Amino acid sequence: MYRSRLLVPRVRMAFLLLFVLLLFLPPLCAGKAPLALPSPFSAQAGSMPVGQPMQFDTAGEAQLVELINQSRAAEGLPALTVDARLQQAARKHTALMVERSQLSHQFDGEAAMQPRFIAEGLPSDREGENVALNRTVPGAHAALMQSPLHRHNILGPDYNVVGVGILHSEGNVYVTEDFARRLPEYSEPQAEAAVEAAINLRAKSQGLAQPQRKPQLQLRHMACSMALTDTLDNEGPAELPGVHGVMIWTAGDPGKIPDRIAKQLSQAMPSGYSLGACFAPSVSHPGGVYWIVIVTY
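Residues numbered from 1 in each chain as written. Predicted model: local features only at pLDDT ≥ 70, side-chain atom pairs only at ≥ 80, totals over all residues. Heavy atoms only, no water.

## A short note on helix α8 (residues 218-229)
- With twelve residues, α8 extends 17 Å from end C-alpha to end C-alpha; this agrees with the ideal 16 Å at 1.5 Å per step.
- Every buried residue of α8 is accounted for by Leu 219, Arg 220, Met 222, Ala 223, Met 226 and Ala 227. End-on, the buried residues of α8 take up no more than an arc of 160 degrees, which puts them together on one face. Of the exposed residues in α8, those oriented more than 90 degrees away from the buried face are His 221, Leu 228 and Thr 229.
- Phi turns positive one or two residues past the end of α8, at Asp 230, with a value near 55 degrees. (Helix = DSSP H or I, 4+ residues; strand = E, 2+ residues; numbered from the N terminus. Expected span 1.5 Å × (residues − 1). Buried < 20%, exposed > 50% of the residue type's maximum accessible area, 1.4 Å probe, protein only. Arc of directions from axis to C-beta.)

## A short note on the pattern of salt bridges
- Under the defined criterion, the tally for this structure stands at 15 salt bridges.
- Two residues, Arg 126 and Asp 125, come together in a salt bridge whose shortest N-O distance is 3.8 Å.
- By relative accessible area, Arg 126 is classed as buried at 15%.
- Ionic pairing is found between Arg 213 and Glu 192, a salt bridge with its closest N-O pair at 3.4 Å. (Salt bridge = Lys/Arg side-chain N within 4 Å of Asp/Glu carboxyl O.)

## Let's talk about the environment of Gly 242
- Here Gly 242 shows up in the loop between α9 (235-238) and β7 (245-251).
- Between the C-alpha atoms of Gly 242 and Tyr 297, which are 55 residues apart in sequence, the distance is 5.9 Å.
- Beyond its immediate stretch of four places on either side in the chain, Gly 242 contacts Thr 296 and Tyr 297. (Contact = heavy atoms within 4.5 Å.)

## Digging into the packing of aromatic side chains
- Taken as a whole and judged by the stated rule, the model has three aromatic pairs.
- Between Tyr 159 and Phe 179, the ring centres sit 5.6 Å apart and the planes meet at 20 degrees, which makes this aromatic pair stacked. Highlighted residues: Tyr 159 in the loop between α6 (148-154) and β5 (161-169) and Phe 179 in strand β6 (residues 172-182), separated in sequence by 20 residues. Phe 179 carries the same exposure label as Tyr 159, and that label is buried.
- Taken together through their ring pairs, the aromatic side chains of Tyr 186, Phe 279 and Tyr 290 make up a single cluster.
- The cationic tip of Lys 214 hangs over the ring face of Tyr 297; the distance from NZ or CZ to the ring centre is 4.8 Å. (Phe/Tyr/Trp six-rings, centres within 6.5 Å; stacked < 30°, edge-to-face > 60°. Lys NZ or Arg CZ within 6 Å of the ring centre and 35° of its normal.)

## Describing the sheet that holds strand β9 (residues 289-296)
- The sheet built from three strands is open, its strands ordered β7-β9-β8 with antiparallel pairing. The sheet is open, and its two borders are formed by β7 and β8 (273-280), each paired with just one other strand. The mean inter-strand angle of the sheet, taken between neighbouring strand axes irrespective of direction, is 15 degrees.
- Docked against the sheet, helix α10 (residues 259-267) engages β7 and β9, running at close to 155 degrees with respect to β7. (Pairing = 2+ DSSP bridges. Axes fitted to C-alpha atoms, helices over the stretch in contact; angles between N-to-C directions.)

## Here's the deal with the pairing of strand β4 (residues 124-134)
- Across the eleven residues of β4, eleven count as buried, placing the element largely inside the fold.
- With nine bridges joining them, β4 and β6 adopt antiparallel strand pairing. The partner of Glu 127 across the bridge, within β6, is Ala 180.

## Thoughts on helix α2 (residues 58-74)
- Here α2 is 17 residues long and its end C-alpha atoms lie 24 Å apart, about the 24 Å a rise of 1.5 Å per residue gives.
- What α2 keeps buried is the set Gly 60, Glu 61, Leu 64, Val 65, Leu 67, Ile 68, Asn 69, Ser 71 and Arg 72.
- Close packing links the buried residues of α2 with β3 (81-82), α3 (84-100), α5 (137-146), α6, β5 and β6.
- Of the residues one or two after α2, Gly 76 is the one with positive phi, at around 75 degrees.

## Describing the confidence of the model for the protein
- Looking at the protein as a whole, its pLDDT mean stands at 83, while 81% of the residues score no less than 70.
- Note on residues 1-51: pLDDT is under 50 here. Beyond four places in sequence and across chains, it has 114 contacts. (pLDDT = per-residue confidence, 0-100.)

What follows is the structure, given as structure tokens:
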């Protein structure tokens, strides 16, 4: 849990008061669910007049994304792309902050951050969130950049998408910045084709003949079943006729084969291989991940 507060001379406090909160998720470890840091602290602020429709500051949201990407560029980091689903999650949370006249990462009755992203249909395996209250959009960004943990989210090298929600209320700017590493979004045949392309590329780089891929639709079903049980199970694939070896793993990007799997593949496919892939969430991968099975003959 982290709480940050901007310190200013007492005579200017009424004009420059800032409260910011951070929910920072450390990088995921293979096979483990992410850890969310609770943030029960909240700050009182002005409320939205009853019955007044909420008008999101689209210009301010675009400005904040630009400021975020300028800060990333200054550190040699790639720009973040706005994901409409992540923006929707950020806007919904900002609306709650205005309704409750508080800053928080999770209100009573509201889902935690990662389930909120999942509910919008965003496949991701890295997530983070900053919330802030300030008088201006640039002021909010400047203050967040002065806080090491908030700055860590803004400059997170693993993130590739961002969503920002901004509302104005009684002279204040409420801000939610949501960050994530969006996973490649493939159909099952596309995911399998990405694995095949990676295998062929590695074989070519080693001067080996391109191995023959044989159709085996059962492997796709087996991969999906593993997601349901949240278990990498090689017993079913090993029982298929003619199978000599089984390799199973999960991946955020099916086109990137782990080194240990690639080494096995280089030595184990004299008579070809079959593969199946399935993108699905599980207990240990609530944001979804690709479950991949390869058998060699």
